[in-house]
Amino acid sequence: MSSPVFSLRILVMGDVGVGKSALSVRYLTRRYLGEYLSNTDVLYRCAVEVETDLVTLEILDSSCAAITNSDKATTTTPEVQDSAEQQINCQIKWSDAIIVLYSIISRASFHVARKILQKIRKIKLTTPVPIILLGNKTDIKHRRETSVNEGRKLSEEFGCQFYELSTAESVAGVSMSFDSLIREAQALRICHPKTFPRRSRTSLLSVSKMIGAMFGKATKKKRPSLSL
Ligand SMILES: Nc1nc2c(ncn2[C@@H]2O[C@H](COP(=O)(O)OP(=O)(O)OP(=O)(O)O)[C@@H](O)[C@H]2O)c(=O)[nH]1
């Protein structure tokens, strides 16, 4: 029999096309689909058992639109940048734990990962938040643009966990990354109980998803093309 539920809000962030949807769907369903629609936020809910705790998870697969728009000083209007900035801030405040994903075959996505980590540090200044930095797409490492060492150094700079993995090839790597983040959150919860309030139980042992709207708009729908 599991001990009482604790709930955790996990935010998945990263540059366009690094594999945020693939990672989230892989964790929730163990399946890798290959193609996912883009450009809106998707919130998944599920319950998992980690060690002896039953954990209800909300996983927000954040669209890259907010991150890229907040960065495009020259190509978007100040209003769009402001709104994108607010959206990111809101998502970071909402989260209890964060996955920052980049692709090892994209140097640009590594720079975006650094910017995200800086933003998190600024927003979560007084609240401890477990973060895991993941370098995705190791199955095509012959096209690598960032080294393992660079990833490790970045994680040390921000005091977070770091792994490289291939969402496409290894369901085990994806599960271990999520489990490791959840375990860190469990440990933090014991030290800082007010940071992880008990929230009401939602749709246990099933996966449900809420599309879009929580944090604002999207121009196009992004859904993994499967029914969960
Ligand atoms: N080779 C390889 N391709 C991957 C891997 N993970 C994801 N991809 C591919 O990368 C592309 C983008 O994946 P998505 O999951 O849509 O990426 P995303 O970060 O959610 O993309 P946006 O929502 O557009 O920002 C897709 O074609 C995936 O199949 C991986 O581990 N290896």
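Everything below is about the structure shown above.
Computed from a prediction, not measured in an experiment: that's the story for all the values here. (Residues numbered from 1 in each chain as written. Predicted model: local features only at pLDDT ≥ 70, side-chain atom pairs only at ≥ 80, totals over all residues. Heavy atoms only, no water.)

(A) Region of interest: the packing of helix 3 (residues 78-94) against helix 4 (residues 107-123). Between helix 3 and helix 4, the least distance of the axes is 10 Å, while the angle of their chain directions is 65°. In the packing of helix 3 onto helix 4, the handedness of the crossing is right-handed. Across the interface between the two elements, Glu85, Ile88, Asn89, Ile92 and Lys93 from helix 3 touch Lys119, Ile120 and Ile123 from helix 4. Residues belonging to the contact of helix 3 with helix 4 are distributed by class as follows: 4 nonpolar, 1 polar and 3 charged. (Axes fitted to C-alpha atoms, helices over the stretch in contact; angles between N-to-C directions. Helix = DSSP H or I, 4+ residues; strand = E, 2+ residues; numbered from the N terminus. Left-handed = near helix turned anticlockwise from the far one by under 90°. Contact = heavy atoms within 4.5 Å. Nonpolar A, V, L, I, M, F, W, Y, C, P; charged D, E, K, R; others polar.)

(B) Here's a closer look at the side chain of Arg26. Inspection of the secondary structure puts Arg26 in helix 1 (residues 20-29). With no salt bridge to any partner, buried Arg26 finds its closest opposite charge in Glu169, at an N-O distance of 8.5 Å. If we ignore the near neighbours within four places in the chain, the residues touching Arg26 are Arg31, Tyr32, Thr167, Ala168, Glu169, Ser170, Val171 and Val174. (Buried < 20%, exposed > 50% of the residue type's maximum accessible area, 1.4 Å probe, protein only. Lys, Arg positive; Asp, Glu negative; His and termini not counted. Salt bridge = Lys/Arg side-chain N within 4 Å of Asp/Glu carboxyl O.)

(C) Quick peek at the pairing of strand 2 (residues 42-50). Counting buried positions over the 9 residues of strand 2 gives 7, a clear majority of the element. As paired elements, strand 2 and strand 3 (residues 53-61) share 9 bridges and run antiparallel to each other. Its bridge partner being in strand 3, Arg45 is matched across the sheet by Glu58. (Pairing = 2+ DSSP bridges.)

(D) Examining the pattern of salt bridges more closely. Under the counting rule described, the total for this entry stands at 6 salt bridges. Salt-bridge contacts for Lys119 lead to Glu85; the nearest nitrogen and oxygen are separated by 2.3 Å. Within this pair, whereas Lys119 is found in helix 4, its partner Glu85 is found in helix 3, the two being separated by 34 residues in sequence. Judged by its relative accessible area of 27%, Glu85 falls in the partly exposed class. With a shortest N-O distance of 2.9 Å, Glu157 and Arg114 are connected by a salt bridge.

(E) Molecular detail of the packing of aromatic side chains. Counted under the stated rule, the structure contains 2 aromatic pairs. Here Tyr27 and Phe178 contribute two aromatic rings whose centre-to-centre distance is 3.9 Å and whose plane-to-plane angle is 10°, an arrangement assigned as stacked. One end of the pair, Tyr27, is in helix 1; the other, Phe178, is in helix 6 (residues 171-191), and 151 residues separate them in sequence. Under the relative-accessibility criterion, Tyr27 is labelled buried at 11%. Note on Phe178: relative accessible area 0%, which makes it buried. Between the aromatic rings of Tyr102 and Phe110, the centroid separation amounts to 5.0 Å while the plane-to-plane angle is 75°, which identifies the pairing as edge-to-face. (Phe/Tyr/Trp six-rings, centres within 6.5 Å; stacked < 30°, edge-to-face > 60°.)

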